[in-house]
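Now for the letters of each chain:
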Amino acid sequence: MNRYAIFHRPESCYAYAVAADTLAVVLRTAKGDRFDEVEILYNNKYDFTKRRQTKAMERCATDGLYAYYRTEITLPDARFAYIFRLTQKGGTYYFSEDGLAEEYRFDLAYYTFFQFPFINMCDVPRAVEWADGAVFYQIFVDRFARGDFEKDDAYINTAWDGKIDRYSFTGGDLDGIAQKIPYLKRLGFNALYLTPIFLSASNHKYNVRDYLTVDPQFGDGERLAKLLKTAHGHGVRVVVDCVFNHCDCSHEFFKDVEEKGRQSRYYDWFLIDGERPSAEKCNYACFADCTYMPKWNTGNAEVRRYLTDIALEYLKIGFDGLRLDVADEISHEMWRQLRRGVKEKYPEALILGEIWHDNEHWLRGDQLDGVMNYKLQKLLVDYFARGTVNARTAADRMNAILMANTEIANANSLSFLDNHDTPRFLRLAGGNKDRLLCALCAAVMFPNMPCVFYGTEIPLDGGGDPDCRQPFDWEFRNRTEEYAEKFRAVIGIKGRCRFKGARAEITAENGMLKIVRQTDGGSVAAYFNTTGAAKKSGVDGNIVFALNFEDGKILNDGAVVFENIKN
């Protein structure tokens, strides 16, 4: 037995409340260790030394190094104490705060048992209810669709079908999005994620000059209200991109500091080294190395109030959620304050963060609801597009991603193949549309909210920024009916199957990646074959989706999804 692999930590993704009287509990062991039994012994922490209940734990996942055992325990008195008992080859071992031992003094357990002292419901994160069935479509506003042909379009410097660069403006706007809502609904989308729409000199609007004025290139307050009304009328939620890490150097507060230096009331709203900010000296914090994007000092209470009030105004306007740009560079206290303000008034608002790396610190229930799942995106690229990992490694990495967070955080996070900051998946896959569809299917099956970047339904091609931001081709010149049909079928999986909870069984079988999800009516199983040879699945059932599936076999670059599966 590998003693060093055994791990548990209370009040983390290894032990968290899922109800007022129920804990989800996870124990980690070495992947190669097999146990006759893994059990949890538990009771009210004041009674644990006298009597205990016992429950078997199920091996729920494995990754490259570890195996995970999980269960849920319920007590009428929500003051939990517990230890673990492992049985292997006739030997019995106990795991507590003191570590692993062959004997355990239950009469002295109050020194060493794990505890979840009390379930305070105000500390328990909860899933945003509508997120459970959400299927997102991300729109880069300038490039999706133009609907207003009476606006001042002198700013447009690139034809809709012209060659774009970083400084191209092509004319997409809010009216264009509103007009296409029925189209998106027919495709199966019920949620939108819009890149920033407020006043800015750029085409992407990530350098905001005025947080409360809709950029006239996109419309105005009236047109925004029309878009939100249209979307909500079709049952479509709308999440807006919020740029709270930095602003544009033309923002009135930064201009005031440039003019007055330390005498400005806003001097401490930014992070400046010297009497006044100087772009030439770059003596102030900014986004990346972009001196035109000065960074807010979110350690300043006034800045936190200012930005939180803006977030609340967006939700008051009618947005259903906030996507927080560069969330990992902003103070944790900023997100704690924003969450408190948002959830008090808008408990069903979704708070999503852009975090490319480890994210558990933001997902403990006091800051973000979920994140953009870049770890999953990289794995989907590695497995489906580049083919640099096999099914076993893909399954291990997917399980590691799931086990790093709570089920609630997983349910509130976004799975995606690409976005405005990455090359198009189609480009990474060498133009292989079958691999794109397989990867999209895996993203839909994964226990996140799937999100599709605009144009994937054609599909649009493109390299890195700005090439990934090509205008939408409304003539659909590169779309085939076969691809369109398969795309709609993939997007429809989540609505048809109605997965139950944010759990999945992810394994490798016969050289293929396999993802199983539970539904109220049974199980749904998806197989993905990138082996280069035809493979037969280990189950059968009603076919929900099939690609390169012939005579009961999954061909290379193929996938099949069964519901009501039979072994």
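As a reminder, the structure under discussion sits directly above these lines.
Within each chain, residue numbers correspond to sequence positions counted from 1 in written order. Thresholds applied to this predicted model are a pLDDT of at least 70 for local features of residues and 80 or more for the giving and counting of side-chain atom pairs; totals over whole chains, interfaces and linings are not thresholded and use all residues. To get the side-chain values, all heavy atoms of the structure are used, and hydrogens and water are removed first.

A few words on the overall build of the protein chain. What counts as a helix is a DSSP run of H or I of at least four residues, what counts as a strand is a run of E of at least two, and both are numbered from the N terminus. Looking only at helices and strands, the protein chain has 12 helices and 28 strands in total. Summarising its shape, the C-alpha atoms of the protein chain cover approximately 80 × 70 × 45 Å along the three principal directions. Relative accessibility decides the category of a residue: with a 1.4 Å probe and only protein chains considered, values under 20% of the type maximum give buried, values over 50% give exposed, and everything between is partly exposed. With 567 residues in all, the protein chain has 58% of them scored as buried. Counting contacts in the protein chain only where the partners sit at least 6 residues apart, residues at least 24 apart contribute 67% of the total. Split by element, the accessible area of the protein chain, about 23600 Å² in all, is 45% carbon and sulfur. Lys and Arg are tallied as positive, Asp and Glu as negative. Neither His nor the chain termini are counted. Where a charge lies is defined by one atom per residue type, namely NZ (Lys), CZ (Arg), CG (Asp) and CD (Glu). Between the mean site of the 73 positive side-chain charges and the mean site of the 81 negative ones, the protein chain shows a separation of 3 Å. Between two residues, a contact is recorded if the distance between any of their heavy atoms is within 4.5 Å. Computed by Shrake-Rupley with a 1.4 Å probe, the accessible areas treat only the displayed protein chains as cover when residues are assessed.

This paragraph deals with the packing of aromatic side chains. To pair, rings of Phe, Tyr and Trp, with the six-membered ring standing in for Trp, must have centres within 6.5 Å; the planes then decide the type, stacked if under 30 degrees apart, edge-to-face if over 60, and tilted in the middle. Applying the stated criterion across every chain yields a total of 49 aromatic pairs. Their ring planes at 65 degrees and their centres at 4.9 Å tell us that Tyr-137 and Phe-189 sit as a pair that is edge-to-face. Of the two residues, Tyr-137 sits in strand 11 (residues 136-139) while Phe-189 sits in the loop between helix 2 (174-187) and strand 12 (191-194), which places them 52 residues apart along the sequence. Of the two residues, Tyr-137 and Phe-189, both sit in the buried class. Pairing Phe-384 with Phe-528 gives two aromatic rings, centres 5.6 Å apart and planes at 80 degrees, and the pair type is edge-to-face. Here Phe-384, found in helix 7 (residues 374-386), pairs with Phe-528, found in strand 25 (residues 522-529); they are 144 residues apart in sequence, far enough to count as distant. Taken individually, Phe-384 and Phe-528 each receive the classification buried, so the pair is uniform in this respect. Among the aromatic residues, those joined into a cluster by ring pairs are Tyr-211, Phe-244, Phe-253, Phe-254, Tyr-266, Trp-269, Phe-270, Tyr-284, Trp-296 and Tyr-306.

Our next topic: the packing of helix 7 against helix 11 (residues 433-445). Helices that pack against each other are described as a pair by the angle of their axes relative to one another and the distance between those axes. Close contact between helix 7 and helix 11 brings their axes to 9 Å; oriented N to C, the two are set at 150 degrees. Taken as axis vectors, helix 7 and helix 11 run roughly antiparallel relative to one another. In terms of crossing hand, the pair formed by helix 7 and helix 11 is right-handed. Together, Leu-380, Phe-384 and Ala-385 of helix 7 and Arg-435, Cys-438, Ala-439, Ala-442 and Ala-443 of helix 11 make up the contact between the two elements. Three classes are used, and their members are as follows: Ala, Val, Leu, Ile, Met, Phe, Trp, Tyr, Cys and Pro are nonpolar, Asp, Glu, Lys and Arg are charged, and the others, Gly among them, are polar. Residue classes in the contact of helix 7 with helix 11 are distributed as seven nonpolar, no polar and one charged. Every angle, taken between N-to-C directions, lies between 0 and 180 degrees, and every axis is a line fitted to C-alpha atoms, over only the stretch in contact when it is a helix. Orientation categories follow fixed angle ranges, with anything under 35 degrees roughly parallel, anything over 145 roughly antiparallel, 65 to 115 roughly perpendicular, and all other angles oblique. Each helix crossing is assigned a hand: it is left-handed if the near helix lies turned anticlockwise from the far helix by less than a right angle, otherwise right-handed if that turn is clockwise.

In short, DSSP must find at least two bridges between two strands for them to pair. With parallel pairing, the eight strands of this open sheet are ordered in space as 20-19-18-15-12-11-22-21. Edge positions in the open sheet fall to strand 20 (370-371) and strand 21 (414-416), since each of these has one partner strand only. Judged from the four bridges that link them, strand 11 and strand 12 form a sheet pairing that is parallel. Looking across to strand 12, one finds that Gln-138 is bridged to Tyr-193. Docked against the sheet, helix 5 (residues 301-317) engages strand 15 (237-242) and strand 18 (321-324), running at close to 140 degrees with respect to strand 18.

The next thing to look at is helix 8 (residues 391-403). A rise of 1.5 Å per residue sets the reference length of helix 8, with its 13 residues, at 18 Å; its end C-alpha atoms lie 18 Å apart and thus fit the reference within 8%. What helix 8 keeps buried is the set Ala-391, Ala-394, Ala-395, Asp-396, Met-398, Asn-399, Ile-401, Leu-402 and Met-403. Capping the start of helix 8, Asn-390 holds a side-chain oxygen 3.2 Å from the backbone nitrogen of Arg-392, two or three residues further along. One fewer than the residue count of a helix, multiplied by 1.5 Å, yields its expected span. Under the rule applied, a polar contact is a pair of N or O atoms within 3.5 Å (in protein, one hydrogen donor and one hydrogen acceptor; residues adjacent in sequence only if both atoms are side-chain atoms).

Checked against the element boundaries, Tyr-94 lands in strand 8 (residues 91-96). Placed 62 residues apart in sequence, Tyr-94 and Ile-156 show a C-alpha to C-alpha distance of 69 Å. If near-sequence neighbours (up to four positions away) are discounted, Tyr-94 is found in contact with Leu-41, Ile-83, Phe-84, Arg-85, Gly-99, Leu-100, Ala-101, Glu-102, Glu-103, Tyr-104 and Phe-106.

On to the sheet that holds strand 6 (residues 66-74). The sheet built from four strands is open, its strands ordered 1-2-6-5 with antiparallel pairing. For this open sheet the edge positions go to strand 1 (15-19) and strand 5 (58-62), each flanked by a neighbour on one side alone. Between one strand axis and the next, the sheet turns by 30 degrees as a mean value, whatever way the strands run. Where strand 1 meets strand 2 (residues 22-30), four bridges bridge the pair, whose relative direction is antiparallel. Its bridge partner being in strand 2, Tyr-16 is matched across the sheet by Ala-24. Strands in contact with helix 8 are strand 2, strand 5 and strand 6; relative to strand 5, the strand with the most contacts, it is inclined by about 115 degrees.

Looking at the element boundaries, Glu-354 is found in the loop between strand 19 (350-353) and strand 20. Exposure remark for Glu-354: the relative accessible area of 7% places this residue in the buried category. Engagement of the side chain of Glu-354 in a polar contact is seen with the backbone nitrogen of Val-326, the distance being 2.7 Å. When neighbours within four sequence positions are excluded, Glu-354 is seen to be in contact with Arg-323, Leu-324, Asp-325, Val-326, Ala-327, Asp-328, Met-372, Tyr-374 and Asp-421.

On to the layout of surface pockets, then. Of the pockets and cavities examined, the largest pocket occupies roughly 880 Å³. Lining the largest pocket are 35 residues; nearest its centre among them are Asp-123, Val-124, Pro-125, Arg-364 and Gly-365. Listed by contribution, the elements that provide at least two residues to the lining of the largest pocket are strand 1 and helix 6 (332-345). The greatest single-element share of the lining of the largest pocket, amounting to five residues, is contributed by strand 1. Grouping the constituent residues of the lining of the largest pocket by class yields 19 nonpolar, five polar and 11 charged. Think of a 1 Å grid over just the protein atoms. A cavity is a set of points where a 1.4 Å probe fits yet cannot get out, a pocket is an open set with protein on both sides within 12 Å along at least five of seven lines, and lining residues have an atom within 4 Å of a point. Grid points are joined across faces, edges and corners, and a volume is the space filled by probe spheres set on the points.

What follows is about a nonpolar patch on the surface. Together, Leu-108, Tyr-110 and Tyr-111 make up a nonpolar patch on the protein surface, roughly 350 Å² of accessible area in all. With respect to the helices, strands and loops of the structure, Tyr-111 is situated in the loop between strand 9 (99-101) and strand 10 (114-116). Look at Tyr-111 and you get exposed, because its relative accessible area is 59%. Patch membership needs two things, relative accessible area over 30% and no salt bridge, and members are linked within 9 Å if like-charged or within 5 Å if nonpolar (Val, Leu, Ile, Met, Phe, Trp, Tyr). Basic side-chain nitrogens of Lys or Arg form a salt bridge, by our definition, when they fall within 4 Å of a carboxyl oxygen of Asp or Glu.

Here the focus is helix 2. A rise of 1.5 Å per residue sets the reference length of helix 2, with its 14 residues, at 20 Å; its end C-alpha atoms lie 19 Å apart and thus fit the reference within 8%. Of the positions making up helix 2, those classed as buried are Leu-174, Asp-175, Gly-176, Ile-177, Ala-178, Ile-181, Tyr-183, Leu-184 and Leu-187. Among the residues of helix 2, the N-terminal cap falls to Asp-173, whose side-chain oxygen and the backbone nitrogen of Asp-175 are separated by 3.4 Å. The first or second residue beyond helix 2 is Gly-188, which carries a positive phi of 110 degrees.

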